[in-house]
Every structure is written in structure tokens, then in C-alpha cells.
Amino acid sequence: MKPALGTPKPIAMSNAQLIDRRKFIRSTALAAGGLIIAFNVPAGIRTRGVVKEPVLFAPNAFLRIGSDNSVKIILSHCEMGQGIWTSLSMLIAEELDADWKSLQVEHAPADIAYYHTVYATQRTGGSSSLNSEFDRYRKAGATARYLLVQAAANRWKVAPDDCQTANGYVVSGDKKISYGELVTDAMALPAPADIPLKDPKDWKIIGGKIKRLDTQEKIKGTAVFGMDIHFPDLLTVMVARVPVNGATVTGYDEAAALAVPGVRQVVKIPTGVAVLADDFWSAKKGRQALKVQWDLGAAANISSDSLFTEMKARADKGGIVATEEGNVAELFKQSVTKVEVEYFQPFLAQSPMEPLNCTVKLSADKCEIWTGTQTQTDDQHAASEITGLPISQVFIHTCFLGGSFGRRNITRSDFVREAVEVAKASGKLVKTVWTREDDIQGGRYRPAFLHRFKVGLDANGMPVSWDQISVGQSVMTGGPFEKIAVVNGVDTFSIEGMQAVPFIKALKNKKIAVNTPDWPIMIDNWRAVGMSHTIFAMESLIDEMAYAAKKDPVAYRRLLYKDDARLLKVLDLAAEKSSWGTPLPKDHGRGIAAFKACGSYVALVAEVSVPKNGMVKVHKVTCVVDCGTAIQPDGVVAQMEGSVGYGLSAALYSEITFKNGQVQQKNFYNYPILRMNEMPEVNTYIVPGNEPPGGIGEASVGQMMPALTNAMFAVTGKRIRNLPIYKMKMGNA
């Protein structure tokens, strides 16, 4: 049993954004005694209704150096298994010359001080944490080191240049003093306006083999996830949610639910009917006893078959043009070889291992929330809207996240919003808990997409015309980034990455259009967002173009990618490391996919076998990644391996289907994911680079799907254009 958790002691940062940075550094001390260093937000950040005036530079994350020689890093980004608890800390520790063993890390509270440098809200997403913080976090460490060195130099009456730092100490000749002993002196010094950073050749921590800082907590069971939160008098909540979007409650048996031992209260909320009980099992039994009656509304007519038929009809009709240049129809007519294909991917659920949960304590002047979330600012706004409290009175305590894959990056804060509604309606301290079935049947899905292409090739097999229509719901419409992401009616995430492909940008005759259905199906982020489906379409199509041109898939891609040196490099290295072109056993084949995603360049080669019984087996995946500066190489490898597994799950098995408006899948028995015995050998090669770090958590999910299907084509001669694969009869004839 973990101890009950009380309200964490708040960090004294109210109105910090209104204080001059250097004055703040000089005048602010922690209650425990210590030095606090603020890092600045790059120019361009603007507040959104939190303070009256725009803020260009504001404290965002903090470095606390205690008189006990402890070093605490407060991170504005959340840890969900991707490793930033460690990799962001490495940036500070490198410039600070800290003793790695002395580091402590905790999640930041929700506050404007911790806004993302690009998104102008506090959030973790888009594989952007390292890229957005690369300079800022290092400067925080460097600034602290400068002040500590200056303090030591003043004490010893030597020049700062005569001092060195290492492992939490300042040294000059035979003199040595710990950072903790210098805290008081350093606090009295003015911070520099800017500070030089180390030359990469002098790095000792960045790029090295470092033990993760969260490993021990998770091994020992002391890491606090949202599901671990407990207080005296806390009631567990289960919600009978609407079975289809837009349904309404017409009746329920409240008395039957209250008759279940342990059930304390039943309240109606916008998303359904909530049962509050002493424990999970009582709440679950009480929910079953409700026997809710529903008016399903118009959404009850939805079925997967009808949606697919509509998508094809929409593709026939055309859509809003995102890009158009030249005379596409005429060049297609004149082309020597014509490639006309379409690719389909279904709705998908995120399915993180830790089911959704959210604890809310609501009083007349305060709303406190404990949960694993990626979207603290959105959650604050949602709670403020529901409770009527100002945002400054909404406190979010971010716990470790037991996975997310986009489910805890929901731009509409659905599970947090619901928990606040329960707290408001009941007047109780509550923890709303979702089961796996609740989330799979009532979640926010990756939208289904259909991409249709007509490509004309010249006598050399090179594209001369490109005509594309993409059909699927908009992820960004209705969310906080709609004004940025939806341009002239086109959600750019519906065609994410496609327009940026070098050979498409260079084409003189092209047309890319988008048709966006408005269906009553709740959709939102899924790992890799748009590139979870656009890369499958693009890299499958390029393989088909290579076949039509009678060229080897790697050789053909070399021609297409000749103007992108980094993409070409990962392609060539993947071919080399996978022994592309060498003989394979009977019924074996290789497939390749290469694409730039989230600022990183990734090429994957899958080696598979497809025997006559049609059961594909993935034996090996060769992964080459150029992510610029690899801050934590072991973390890069782990993310590549995890992305391979996640992409394989989606390609082989996963789909959400609808019948009479209701999701047909419930749990992993009919929404299967890749099992451990199905995970292939993965060999990852990191291309050395000095560029700023690219994203890594989503960079290879999309490539895994076409690498697999292209490999299966190499064995069977049959193209797979619709996922998941398990529906196809793929035996090698």
C-alpha cells in the first residue's frame, strides 16, 4: 500500500511572470533555503487570457540547488515512458557540471511560467520536448554554474577563469567547495544577460550512456501514477457513459444502484450517469445496476461499411484544394505509365496500459486535480469553465503517466472535464476511473482515412503529374490549434508530411485536395497524429511507383530523394545494414520505408516471411535514425523499438468498427495488440549529427506499416492497401 498523498506544497511562483527575470533570480529563495534559476521563454510566446498583458519572456522551468547539495529540476513536460525525466535533466546537468547521483526531478505545477516555447500552453506533445528545450535548459544549467563559480571566486579572491567545475564542486588549485556551500553567496549575485554554452566536444553527459532517473522509483513501486492517488474520504467513481456520441439519458434505476453495498451517491452529468462508491468494485457493481435507458439519436445509424462507402464517394467528388500547380490532367494523360491506387486505414484507439483516471477536490475557492495529463493548460481552462473559478484557482498536480499515445493529449480534456463535472454535481472528493472497455468503447479515436492517388510517370519512371484526394475527419477542428492548423478549410494534419516531401515540392504539375466529413464520431490525437496514416499511403505508393518503373525500391527512392541529403543517408545506411538485395530463404522478403517525421529522418527495413498458410511473421527490423543531436542514445533506441511494436500492432491487427453507432471492440481480446512473442529483432543505428534534436517518440510509427506491407509484397506479389492486415488472405501461392 502506498501512503495517502496530501496536497503538495505549492511552489512560490504566483505572478512570477510579471517580475523582471534578473530581479527574480536575485530576490527569490526557496522556503528550504537555496538558489533558484529561472529559464526564459524564447521570443514569440504570448499568454492566452491568464494575465492581462502579453509576456515575451517568462520563467518556465526551474533549477533548485539546495544547501544540502541536492539539485532539483522541476520539469514543465510530463514523463509518460518516453524518457524526458532523464533527457531534459541531462541538458541542465551537462552545463551545470552537476553530480548525476544528486539529481531529483518533479513535475511542475500548472502555471504560465511553464508554457511550451512553441505552443503557448503548458503541454507535452508533438515529439517536441527536447527540440523546444534544447537551448533553454542548457542555459539554465550554464547560468547557475556561472553564478556558483563567481561566488567561489569572490570567496577565494581569485579570477573566475582560475576556477573549474565538476560533479557538483568548484575547484581552484588546492581549494574545493561544494555547490551547496555556495548557495547563499550565489543568490546575491546578478545573473548574466546571456551565457555561452559548452562546445559539444566537451560534453560529458549529453550523448552518453546514462541510467534513467525514473527507473528506481518504478522498480520499487514508489513512482506515483494517477491511479495511485488516495485520500481519506475519497470516493471512486464509475460513469455509465453515452454509448454513441449525441445520445441522451431517458431513464435509470437510481434506487437499484444505491442498494449495492458501498455505493454512496448517484449523479447525472453531461456524459452520462456517475456512481460514487467506497471502492472500485462497488462502483462497478452499482453502475451495472443502473440499467440506463438511452435515446441513441441520429448516430445510431452509423456503421463502418456505410462510412467506408461514403469515403469513396467523397473521394469521387473531390475536396478543398490544399496545393495546385500546373496542368495535372493533361500531364497525366500524356504520361507513359499511370499509377492509380487508394489506401485506407481504420479508426484506432490509443490503448495506454494505465486506464484513464482523474482525482478532483473541489471547494468554494479552489479546484485541485491529480492526474496523468499532457495538457495542463487545457485542463485548467476546462475546470475553470465548469466550476466558475478563475484559472489561478485551478491547481493541477501531474502524476507519472502510464502511457498515452495521444489519449492523455486530448485537446478537449474529456476525462478531466468529466471528473470535474462529477465533483461539482456530487460535492465530494472523487476519483473517476475508466476501465479498458470504457476507454476503447467511449474514447477519442484516430480518424479513419482514405488517400487516393493518380500519378503519371515518364519514360524513365519518374513522376510528372500528381493528383491526390485525402478523405477523413479533422483532428484539429474545434481544438486549441484550429486557427493555426486549419488553413482555408484544410486541416494540415490530414495530409501531414505529404506536401513537404522534396520530390513533390519540386513537381510542376500537382494537385492535393482534402475532403473532411463531419461525422458524430469523437476523434483526436493518436501517436504520430497525421503521419500515422500519411506515411503508410506515401511509402506504399512510392513502392508501387518503383514497381511500375521496373526499378528496385531502394534505387528508385535514391532518385526521388536525391535532393534531401539526410533522408538519402538514412536510406542508404538502412539498405547497407539490412543487407538489402542479398538472397533470403524461401517465402522471405524485405520491404523499406523512409520518411522525415517530427524533425527526424527514419528509414526502416522489415524482413518477413509469408508461408502458404498466410500467417505473416516479422523476423527483423533494421532501423536507421538521424535525429540530429542524440541526447540520450539509449532512449532513442528504446523509442525506436517501441514505435516498431506500436506500428506493427496497428498494421497487423488494430481497428475500431461501428455497428448501429456503437463501437464493437471492448478489450484486448477483440482489439488485439502485438504480443511479446511477436516482437521482431530490432537493430537501431543512430546517425551522428550536430543539428538540434529532432522528435523521436513518434518518428518511426508511420514507417513501420509500409515497410511491413512492402515486404509482404516482395514475398507474395500481392499489394495490401487496406489495414489491418489480418483481414487479408495473404498466403504465398
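Residues numbered from 1 in each chain as written. Predicted model: local features only at pLDDT ≥ 70, side-chain atom pairs only at ≥ 80, totals over all residues. Heavy atoms only, no water.

Asks: Please clarify how the overall build of the chain should be interpreted in this entry.
Replies: Of regular secondary structure, the chain possesses 19 helices and 29 strands. Computed over C-alpha atoms, the radius of gyration of the chain comes to 27 Å, within 12% of the 27 Å expected from 2.2 N^0.38 for 733 residues, which places it in the range of a compact globule. Seen along its three principal axes, the alpha-carbon backbone of the chain occupies a region of about 80 × 70 × 50 Å. Out of the 733 residues belonging to the chain, those deemed buried represent 58%. For the chain, the proportion of contacts with a sequence separation of at least 24, taken over those separated by at least 6, is 75%. For the chain, the accessible area works out to roughly 29,600 Å², and carbon and sulfur atoms hold 53% of it. Across the chain, the mean location of the 83 positive side-chain charges is 2 Å away from that of the 74 negative side-chain charges. (Helix = DSSP H or I, 4+ residues; strand = E, 2+ residues; numbered from the N terminus. Rg over C-alpha atoms; globule rule 2.2 N^0.38 Å. Buried < 20%, exposed > 50% of the residue type's maximum accessible area, 1.4 Å probe, protein only. Contact = heavy atoms within 4.5 Å. Areas by Shrake-Rupley, 256 points an atom, 1.4 Å probe, with all protein chains shown as cover. Lys, Arg positive; Asp, Glu negative; His and termini not counted. Charge placed at Lys NZ, Arg CZ, Asp CG, Glu CD.)

Asks: For this particular structure, what's the right way to read the pairing of strand S4 (residues 103-107)?
Replies: Regular strands place side chains that alternate from one sheet face to the opposite one. Going residue by residue along S4, you find Leu103, Val105 and His107 tucked away on one face and Gln104 and Glu106 left uncovered on the opposite face. Relative to S4, strand S3 (residues 71-75) is paired through five bridges, and the arrangement is parallel. Looking across to S4, one finds that leucine 75 is bridged to histidine 107. The β-α-β motif built from S3, the intervening helix H2 (residues 84-96) and the parallel element S4 has right-handed crossover chirality. (Pairing = 2+ DSSP bridges. Right-handed = clockwise from strand over helix to strand, strands pointing away.)

Asks: Hey, could you run me through the sheet that holds strand S13 (residues 320-325) in this one?
Replies: Two modes of strand pairing occur in sheets, parallel and antiparallel, and in both the strands are linked by backbone hydrogen bonds. With respect to topology, five strands assemble into an open sheet ordered S13-S23-S20-S19-S14, the strand pairing being mixed. Edge positions in the open sheet fall to S13 and strand S14 (337-345), since each of these has one partner strand only. In this sheet, neighbouring strand axes are inclined to one another by 5° on average, regardless of whether the strands run parallel or antiparallel. The sheet contact formed by S13 and strand S23 (residues 510-515) spans five bridges and is antiparallel. Residue pairing in the sheet places isoleucine 320 in a bridge with valine 514 of S23. Along the sheet, helix H8 (residues 304-317) contacts S14, strand S19 (449-457), strand S20 (463-472) and S23; its crossing angle with S19, the most-contacted strand, is approximately 35°. (Axes fitted to C-alpha atoms, helices over the stretch in contact; angles between N-to-C directions.)

Asks: Help me understand the state of the cysteines, please; the structure alone is not making it clear to me.
Replies: The bond known as a disulfide is covalent and runs between the sulfur atoms of two cysteines. This model, assessed by the stated rule, comprises zero disulfides. In this structure cysteine 623 is not part of a disulfide, and its nearest cysteine sulfur, from cysteine 627, lies 9.8 Å away. According to the relative accessible area criterion, cysteine 623 is buried, its value standing at 0%. (Disulfide = S-S within 2.5 Å.)

Asks: What is the right way to look at the sheet that holds strand S17 (residues 394-398) in this model?
Replies: Across the sheet, seven strands lie side by side as S10-S11-S8-S18-S15-S16-S17; this open sheet has mixed pairing. The strands lining the two open edges of the sheet, one partner per strand, are strand S10 (263-269) and S17. Across the sheet, the mean angle from the axis of one strand to that of its neighbour is 25°, orientation sign disregarded. Of the pairings in the sheet, the one linking strand S15 (residues 357-362) to strand S18 (residues 430-433) comprises four bridges and is antiparallel in character. Paired with threonine 359 across the two strands is lysine 431, which belongs to S18. Those strands touched by helix H7 (residues 280-290) are strand S8 (235-241), S10, strand S11 (272-277) and S18, and its axis lies near 30° from that of S8.

Asks: Please explain the side chain of serine 384 as it appears in this structure.
Replies: For serine 384, the position within the fold is in helix H10 (residues 376-387). Setting aside chain neighbours within four positions, we find serine 384 in contact with Leu389, Pro390, Ile391 and Val394.

Asks: What is the right way to read the nonpolar core from this model?
Replies: One recurring pattern in soluble globular proteins: nonpolar side chains tend to sit buried together. If you look at the biggest cluster of nonpolar residues, it comprises 113 residues, and the most contacted ones within it are Phe347, Phe453, Trp466 and Leu708. The greatest single-element share of this core, amounting to nine residues, is contributed by helix H15 (residues 531-548). With residues near it in sequence (within four places) discarded, phenylalanine 453 still touches Val339, Glu340, Val341, Tyr343, Trp466, Asp467, Gln468, Met498, Ala537, Met538 and Leu541. Counting residues in each nonpolar core, the second largest holds 45 residues, with Ile73, Ala93, Ala153 and Ile177 among its members. (Core = buried A, V, L, I, M, F, W, Y, C linked by side-chain atoms within 4.5 Å.)

Asks: When you look at the environment of alanine 313 in this model, what are you seeing that I'm missing?
Replies: Relative to the helices and strands, alanine 313 is located in helix H8. Judged by its relative accessible area of 43%, alanine 313 falls in the partly exposed class. A sequence separation of 158 residues divides alanine 313 from valine 471, and the C-alpha atoms of the two residues are 9.8 Å apart.

Asks: Looking at this model, I keep getting lost on the packing of aromatic side chains. Mind explaining?
Replies: Between two aromatic rings, the relevant description is the distance of the centres plus the angle of the planes. Under the defined criterion, the tally for this structure stands at 14 aromatic pairs. On the numbers, 5.5 Å between centres and 50° between planes, the contact of tyrosine 119 with phenylalanine 481 is tilted. Note that tyrosine 119 is positioned in the loop between S4 and helix H3 (129-156) and phenylalanine 481 in the loop between S20 and helix H13 (482-485), a separation of 362 residues in sequence. Consider the rings of tyrosine 547 and phenylalanine 713, whose centres lie 5.2 Å apart with planes at 90°: the pair is edge-to-face. Placement of tyrosine 547 in helix H15 and of phenylalanine 713 in helix H19 (residues 701-716) is noted, with a sequence separation of 166 residues between them. On the basis of relative accessibility, which here comes to 58%, the residue tyrosine 547 falls in the exposed class. Residue phenylalanine 713 is classed as buried on the basis of its relative accessible area of 14%. (Phe/Tyr/Trp six-rings, centres within 6.5 Å; stacked < 30°, edge-to-face > 60°.)

Asks: How should I be thinking about the packing of H10 against helix H11 (residues 414-426) in this particular structure?
Replies: If you want to describe how two helices pack, look at the angle between their axes and the distance between the axes. One can describe the packing of H10 onto H11 by two numbers: an axis separation of 9 Å at closest approach and a directional angle of 30°. Taken together, H10 and H11 sit at an angle that is classed as roughly parallel. Judged by the sense of rotation from one axis to the other, the crossing of H10 with H11 is right-handed. Together, Asp379, Ala382, Ala383, Glu385, Ile386 and Thr387 of H10 and Val416, Arg417, Val420, Glu421 and Lys424 of H11 make up the contact between the two elements. Residues of the contact of H10 with H11, tallied by class, amount to five nonpolar, one polar and five charged. (Parallel < 35°, antiparallel > 145°, perpendicular 65-115°, else oblique. Left-handed = near helix turned anticlockwise from the far one by under 90°. Nonpolar A, V, L, I, M, F, W, Y, C, P; charged D, E, K, R; others polar.)

Asks: Whenever I open this one, the packing of helix H18 (residues 633-652) against H19 confuses me. Can you help?
Replies: The interhelical angle for the contact between H18 and H19, taken along N-to-C directions, is 55°, at an axis separation of 8 Å. It follows from the interaxial angle that H18 and H19 lie oblique. Taken as a pair, H18 and H19 cross one another with a handedness that is right-handed. Between H18 and H19, the contacting residues are Ser643, Val644, Tyr646, Gly647, Leu648, Ala650, Ala651 and Leu652 on the first element and Val701, Met704, Met705 and Leu708 on the second.

Asks: Sorry, what's going on with helix H4 (residues 179-187) here?
Replies: Since there are 3.6 residues in each turn of an α-helix, residues three or four apart along the chain are aligned in direction. For H4, the set of buried residues is Tyr179, Gly180, Leu182, Val183, Ala186 and Met187. Viewed end-on, H4 has its buried residues packed into an arc of 145°, placing them on one side of the element. (Arc of directions from axis to C-beta.)

Asks: How should I be thinking about the pattern of salt bridges in this particular structure?
Replies: Should the charged atoms of two oppositely charged side chains come close, the side chains can pair. In total, this model carries 38 salt bridges according to the counting rule given. Between aspartate 543 and arginine 719 there is a salt bridge, and its shortest N-O distance comes to 3.4 Å. Of this pair, aspartate 543 sits in helix H15 while arginine 719 is found in the segment after H19, placing the two residues 176 residues apart along the sequence. Given the relative accessible area of 5%, aspartate 543 is considered buried. Members of the salt-bridge network, linked through shared partners, are Glu79, Arg212, Asp214 and Lys218. (Salt bridge = Lys/Arg side-chain N within 4 Å of Asp/Glu carboxyl O.)

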